[in-house]
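# Observations on the three-dimensional arrangement
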Amino acid sequence: MKVVSGGFVKIRDGVFSGSVSANSDSHISGNIVNSIIEIGGQNLVKEERKKVLGLLKTDLSSLISNLFFLRERNLINIDNSLGLVIKGLIETKYKSIPKLCIKVMSTAMKDHLYESKVVYSIKRKLLGASPSNIKSISELENIIFEIDKELRVLEEEVKTLINLTIEYSQESKINATGDIIILGKGLFTSELYSANNI
């Protein structure tokens, strides 16, 4: 079963091995078993973008801190080989950066954002062999600046909270941009994500 609604969804007697998505407050009575429930529509994509951009910002900030540490201790000659040092750190200590970059590009496409400055910078500075072409730490700081700008825009766009009320969930994945309210027996081996309260 697959249900897609541009408004609200009200289901009685549960969802079994199904998919439900809605753009407004929704209520599912009965059991939700082996199903995917997404309440919030495009806001869910924006929430995912916010999360991934935040993780990338954290990793890049840590990378910059390590570069400053190495330069202050004169452990390496950063001026001549900064790009190679960055590439080496990404390949060893910051292996998550390329994965996060791909997720940032993927979520930008899902959000129909085709001219993102962050995506443009990622492609030119952080993927493949391109980190070896970085000449200055300020190039990484500029990427963080662009991430901050996109995060501020996303904060404004994702102010609408859309709630979901359920009774019981088992082996399901449930996402909502607002509250998830559980009125019945609870949960068993399910994944819940709420941008607000559970």
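Below: a short report on this structure.

Definitions and limits used
- Once a new chain begins, its residue numbering starts again from 1 and follows that chain's sequence as written.
- Thresholds applied to this predicted model are a pLDDT of at least 70 for local features of residues and 80 or more for the giving and counting of side-chain atom pairs; totals over whole chains, interfaces and linings are not thresholded and use all residues.
- As a rule here, side-chain values cover all heavy atoms of the structure and leave hydrogens and water aside.
- Labels follow the DSSP assignment, with helices taken as runs of H or I lasting at least four residues and strands as runs of E lasting at least two, numbered in each case from the N terminus.
- Buried means the residue's accessible area, taken with a 1.4 Å probe over protein chains only, is under 20% of the maximum for its type, while exposed means over 50%, and partly exposed covers the values in between.
- To qualify as a nonpolar core, a set must consist of buried Ala, Val, Leu, Ile, Met, Phe, Trp, Tyr and Cys residues joined through side-chain atoms within 4.5 Å.
- Two residues form a contact once any of their heavy atoms are found within 4.5 Å.
- Think of a 1 Å grid over the protein atoms and nothing else: a 1.4 Å probe that fits but is trapped marks a cavity, an open set flanked by protein within 12 Å on at least five of seven lines marks a pocket, and residues with an atom within 4 Å of a point count as lining.
- Grid points are joined across faces, edges and corners, and a volume is the space filled by probe spheres set on the points.
- Under the scheme applied, nonpolar residues are Ala, Val, Leu, Ile, Met, Phe, Trp, Tyr, Cys and Pro; charged residues are Asp, Glu, Lys and Arg; polar residues are all the others, including Gly.
- For the purposes of these results, a polar contact is taken to be a pair of N or O atoms within 3.5 Å, where, inside protein, one atom must be able to donate a hydrogen and its partner to accept one; residues adjacent in sequence count only when each atom of the pair is a side-chain atom.
- Any two strands are treated as partners once DSSP identifies two or more bridges connecting them.
- Only the contacting stretch of a helix is used when fitting its axis, a line to C-alpha atoms as for every element, and angles between N-to-C directions run 0 to 180 degrees.

A word on unusual backbone geometry. Phi angles above zero are rare outside glycine, and Asn-34 is one such case at about 50 degrees. Note on placement: Asn-34 falls in the loop between β5 (26-33) and β6 (36-39). Classification of Asn-34 as partly exposed rests on a relative accessible area of 46%. Its identity as a non-glycine residue notwithstanding, His-112 has a phi of 60 degrees, on the positive side. For His-112, the position within the fold is in the loop between α3 (96-110) and α4 (117-125). Looking at His-112, the relative accessible area reads 52%, which means it is exposed.

Among the nonpolar cores identified, the biggest contains 32 residues, and Leu-56, Leu-60, Leu-63, Leu-67 and Leu-140 are the most heavily contacted of them. Per element, the largest residue contribution to this core is 8 residues, and it comes from helix α1 (residues 42-72). Setting aside chain neighbours within four positions, we find Leu-56 in contact with Ile-97, Leu-100, Cys-101, Val-104, Ile-122 and Ile-147.

Attention now moves to the layout of surface pockets. To find leftover empty space, a probe the size of one water molecule is rolled over the atoms. Roughly 550 Å³ of internal volume is contained in the largest pocket. Every element with two or more residues in the lining of the largest pocket is listed here: β1 (2-5), β4 (19-22), β6, α1, α3, β8 (173-176) and β10 (191-194). Looking at which element gives the most residues to the lining of the largest pocket, the answer is α1, with 7 residues. Residue composition of the lining of the largest pocket, by class: 11 nonpolar, 5 polar and 8 charged. The calculated volume of the second largest pocket comes to roughly 200 Å³.

A few words now on the side chain of Ser-172. Within the element layout of this structure, Ser-172 appears in the loop between β7 (164-170) and β8. Here Ser-172 falls in the buried class, since its relative accessible area comes to 5%. Polar contacts involving the side chain of Ser-172 include one to the main-chain carbonyl oxygen of Ile-32, which spans 3.4 Å. In this structure the side chain of Ser-172 is engaged in a polar contact, spanning 3.0 Å, whose partner is the backbone oxygen of Gln-170. Discounting chain neighbours no more than four positions away, the residues touching Ser-172 are Ile-32, Val-33, Asn-34, Ser-35, Thr-189, Ser-190 and Glu-191.

Spatially, the 5 strands line up as an open sheet ordered β1-β4-β6-β8-β10, and their pairing is parallel. In this open sheet, the two strands that pair with only one neighbour each are β1 and β10. The mean angle between the axes of side-by-side strands here comes to 0 degrees, regardless of whether they run parallel or antiparallel. Strand direction decides the pairing type here: β1 and β4, joined by 4 bridges, are parallel. Note on β4: the bridge partner recorded for Ser-5 is Ala-22.

Turning our eyes to something else, we now look at the pairing of β4. Only one face of β4 is covered, namely the face carrying Val-20 and Ala-22; the face carrying Ser-19 and Ser-21 is uncovered. The pairing of β4 with β6 spans 4 bridges and is parallel. When the sheet's bridge partners are listed, Ala-22 is paired in β6 with Ile-39.

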